[in-house]
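# A look at the structure
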Amino acid sequence: MIATLSTPGAVGFTNLPPLALYIHIPWCVRKCPYCDFNSHAAGPELPEDAYVTALLDDLDQELVAAQGRPISSIFFGGGTPSLFSANALGRLLRGVEQRIPFAPEIEITLEANPGTFEQDKFKAYRQTGINRLSIGVQSFQPAKLEALGRIHNGDEAVRAAGMARAAGFDNFNMDLMHGLPDQSLDDALGDLRQAIDLGPTHLSWYQLTVEPNTVFWNQPPELPEDDILWDIQEAGQALMAEHGFRQYEVSAYAQADRAARHNLNYWRFGDFIGIGAGAHGKLTFADGRILRTWKTRLPKDYLNLAKPFKAGEKLLPVDELPFEFLMNALRLTEGVEAELFTQRTGLPLEQLREARHAAEQKGLLQVEPDRLVATPRGQLFLNDLLQYFLT
Ligand SMILES: C[S@@+](CC[C@H](N)C(=O)[O-])C[C@H]1O[C@@H](n2cnc3c(N)ncnc32)[C@H](O)[C@@H]1O
Ligand code: SF4
């Protein structure tokens, strides 16, 4: 809610957005050739204890940003967080809770890679309070897993789902990729069917992209033709819908009431503190400032006590707020209620009027006064749609 609107662009908030916490664990067994995340091959010894201590020190420096809000969700992302022991993650969670209270229904997700855990570890994770897993499967097919440089085979991915359930995780996601080297429509649907059979509550289904600074960028694999990619997309969506997975974001599909609350908070332009090597944050202050922050990327620098955790921060200029807000909100299949724009940016909705009209005329934005939502065409050409909101 806007409290004041004194000079243009100088606004204040009486209600701050919900607050989430992202915790980055930057190590993996080895680096996958397609991956541009801040992840680094782990040496023989993981500096778990030192890293947990650093994370809590990092959080101490962010406490002022919480401004009395509880944490509504926590996401351990990577890298491969499941390389860490339950003891280390438990100590971390208790330390976090001592610093910022948890909301009663807090969602706590851990990214887990097949090949880096066994049954007891999953049970121990569950006992720390982690209540959601995101299992990085990518594919079940040996040739595809090999092409992706994964450390696990399809059987381990299948077993991971069984272990998750046996450990008491009734809410788990599986990450799958499609558009893989030499992948046919049948291959892609086969992966999806196998995943669906394992009973996840959520599927993240990403089309493989070849990113700069990866092995694939320098040695590009042969990827399926555009018409095969299109067929995979259409048939995959239909198959998931048939099994009750509703698409709610570009790559996210969930059973009823099982959308990822942590990710929804990003897309609804909520706040999040980011701790850990390379972690990003977004924070709103009552005086109207909205700040993006990022941390030192390299684990050895992050662990170096002589260096600050924070590598930079940027105050979001008021004229960039509409684009920043919509870049997130319009990823959601059902968009957002129009009034959320004002609640999150402090700007009047009126400010979007002309751009909305132009985008509606082009069939990219739905004509819905009370919602901001892309048409199916707008979702397909999201970048074109967003251009209307650039200043
Ligand atoms: C933070 S990443 C990695 C999580 C976990 N370490 C793993 O590998 O399973 C989250 C997900 O992004 C997806 N991803 C990573 N690189 C990608 C790329 N180049 N193209 C498409 N999806 C990608 C993968 O599905 C991956 O599981
Ligand atoms: S395991 Fe995940 S985070 Fe690590 S390199 Fe592979 S894709 Fe990236």
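Residues numbered from 1 in each chain as written. Chains lettered and ligands numbered in written order. Predicted model: local features only at pLDDT ≥ 70, side-chain atom pairs only at ≥ 80, totals over all residues. Heavy atoms only, no water.

## Overview of the overall build of the chain
Of the regular secondary structure elements, the chain holds 16 helices and 18 strands. Since a compact globule built from 391 residues should have a radius of gyration of about 21 Å, the 21 Å found for the chain is in line with a globular shape. Counting only C-alpha atoms and orienting by the principal axes, one finds that the chain spans roughly 60 × 50 × 40 Å. By the burial criterion, 52% of the 391 residues in the chain qualify as buried. Intrachain contacts of the chain at a sequence separation of at least 6 include 71% that bridge at least 24 residues. When the accessible surface of the chain is summed, it comes to about 17500 Å², and 52% of that surface belongs to carbon and sulfur atoms. Each charge class in the chain was averaged separately, 35 positive and 50 negative side chains, and the resulting centres sit 5 Å apart. (Helix = DSSP H or I, 4+ residues; strand = E, 2+ residues; numbered from the N terminus. Rg over C-alpha atoms; globule rule 2.2 N^0.38 Å. Buried < 20%, exposed > 50% of the residue type's maximum accessible area, 1.4 Å probe, protein only. Contact = heavy atoms within 4.5 Å. Areas by Shrake-Rupley, 256 points an atom, 1.4 Å probe, with all protein chains shown as cover. Lys, Arg positive; Asp, Glu negative; His and termini not counted. Charge placed at Lys NZ, Arg CZ, Asp CG, Glu CD.)

## Re the site of ligand 1
The environment of ligand 1 is made up of 17 residues, and the closest members are Gly79, Gln138, Arg150, Asp175 and Thr209. In the environment of ligand 1, a nitrogen atom lies 3.1 Å from a nitrogen or oxygen atom belonging to the backbone of Tyr34. The backbone of Gly79 places a nitrogen or oxygen atom 2.7 Å from a nitrogen atom of ligand 1. In the complex, the protein chains occlude 90% of the 550 Å² of accessible area that ligand 1 would expose alone. For the shell around ligand 1, the class distribution of residues is five nonpolar, eight polar and four charged. (Near = heavy atom within 4 Å. Polar contact = N/O pair within 3.5 Å; in protein donor to acceptor, adjacent residues only side chain to side chain. Nonpolar A, V, L, I, M, F, W, Y, C, P; charged D, E, K, R; others polar.)

## Observations concerning the packing of aromatic side chains
In the structure shown here, the tally under the stated rule is 15 aromatic pairs. Relative to Tyr302, the ring of Tyr51 has its centre 5.4 Å away and its plane inclined at 50 degrees; by these criteria the two rings are tilted. Of this pair, Tyr51 sits in helix H1 (residues 48-60) while Tyr302 is found in helix H11 (residues 299-302), placing the two residues 251 residues apart along the sequence. What makes Tyr51 buried here is its relative accessible area of 0%. A ring pair is formed by Phe122 and Phe169, whose centres lie 6.1 Å apart and whose planes are at 70 degrees; its orientation type is edge-to-face. Taken together, the residues span a long stretch of sequence, with Phe122 in helix H4 (residues 119-127) and Phe169 in the loop between helix H6 (154-166) and strand E9 (172-178) at a distance of 47 residues. Among the aromatic side chains, those forming a connected cluster through ring pairs are Trp27, Tyr51, Phe84, Tyr302 and Phe309. Sitting above the plane of the Phe269 ring, Lys282 keeps its charged end 4.0 Å from the centroid. For the cation-ring pair, Arg289 lies above Phe285, with the distance from its terminal atom to the ring centre recorded as 4.5 Å. (Phe/Tyr/Trp six-rings, centres within 6.5 Å; stacked < 30°, edge-to-face > 60°. Lys NZ or Arg CZ within 6 Å of the ring centre and 35° of its normal.)

## With respect to the nonpolar core
Of all hydrophobic cores here, the largest spans 68 residues; its most connected members are Ile74 and Phe76. If sequence neighbours within four positions are ignored, Phe76 has contacts with Ile23, Pro81, Leu89, Leu92, Leu93, Ile108, Thr109, Leu110, Glu111 and Ile130. (Core = buried A, V, L, I, M, F, W, Y, C linked by side-chain atoms within 4.5 Å.)

## Describing the site of ligand 2
As a structural note, the neighbourhood of ligand 2 is formed by Cys28, Arg30, Lys31, Cys32, Tyr34, Cys35, Ser39, Gly79, Thr80, Asn113 and Arg150. A class-by-class count of the residues in the shell around ligand 2 yields four nonpolar, four polar and three charged.

## Examining a nonpolar patch on the surface
A cluster of nonpolar residues, Trp230, Leu380 and Phe381, forms a patch on the protein surface that exposes about 320 Å² of accessible area. Tracing the backbone shows Phe381 in the loop between helix H15 (376-380) and helix H16 (382-387). (Patch = residues over 30% accessible without salt bridge, like charges linked within 9 Å, V, L, I, M, F, W, Y side chains within 5 Å. Salt bridge = Lys/Arg side-chain N within 4 Å of Asp/Glu carboxyl O.)

## Thoughts on the side chain of Glu249
As for its position among the elements, Glu249 is in strand E11 (residues 246-249). Relative accessible area serves as the criterion here: at 3%, Glu249 is assigned to the buried category. Separated by 2.9 Å, the side chain of Glu249 and the backbone nitrogen of Ser251 make a polar contact. Excluding residues that lie within four positions of it along the chain, Glu249 makes contacts with Trp267, Arg331, Leu332 and Thr333.

## So, the UniProt feature "domain: Radical SAM core" (unreviewed entry) in the chain
In the numbering adopted here, UniProt assigns the feature "domain: Radical SAM core" (unreviewed entry) to residues 13-246. Across residues 13-246, helical content stands at 40% and strand content at 22%; the span's end C-alpha atoms are separated by 34 Å. (UniProt positions renumbered as here; feature names shortened; annotations may be inferred.)

## Regarding the pattern of salt bridges
One pass over the structure, following the stated rule, counts 18 salt bridges. The shortest N-O distance in the salt bridge between Glu62 and Lys295 comes to 2.6 Å. With Glu62 in the loop between H1 and helix H2 (63-66) and Lys295 in strand E15 (residues 290-295), this pair connects stretches of sequence that are 233 residues apart. Judged by its relative accessible area of 4%, Glu62 falls in the buried class. In this structure Lys295 comes out as buried when scored by relative accessible area, which is 2%.

## A closer look at H4
For H4, the set of buried residues is Lys121, Phe122 and Tyr125. Buried residues of H4, seen end-on, are gathered within an arc of 100 degrees and therefore sit on one face of the element. Of the residues in H4, the exposed ones pointing more than 90 degrees away from the buried face are Asp120 and Gln127. Its buried side turned inward, H4 meets helix H3 (86-99), strand E7 (102-112), strand E8 (132-138) and H6. At the C-terminal side of H4, Gly129 shows a positive phi close to 110 degrees. (Arc of directions from axis to C-beta.)

## Looking at the side chain of Asp271
Looking at where Asp271 falls in the secondary structure, it is placed in strand E13 (residues 271-275). Take Asp271: its relative accessible area is 0%, and that puts it in the buried class. Polar side-chain contacts of Asp271 include one of 2.7 Å to the backbone nitrogen of Thr284. Sequence-distant contacts of Asp271, defined by excluding residues within four places in its chain, comprise Pro17, Pro18, Leu19, Ala20, Arg69, Asn265, Lys282, Leu283 and Thr284.

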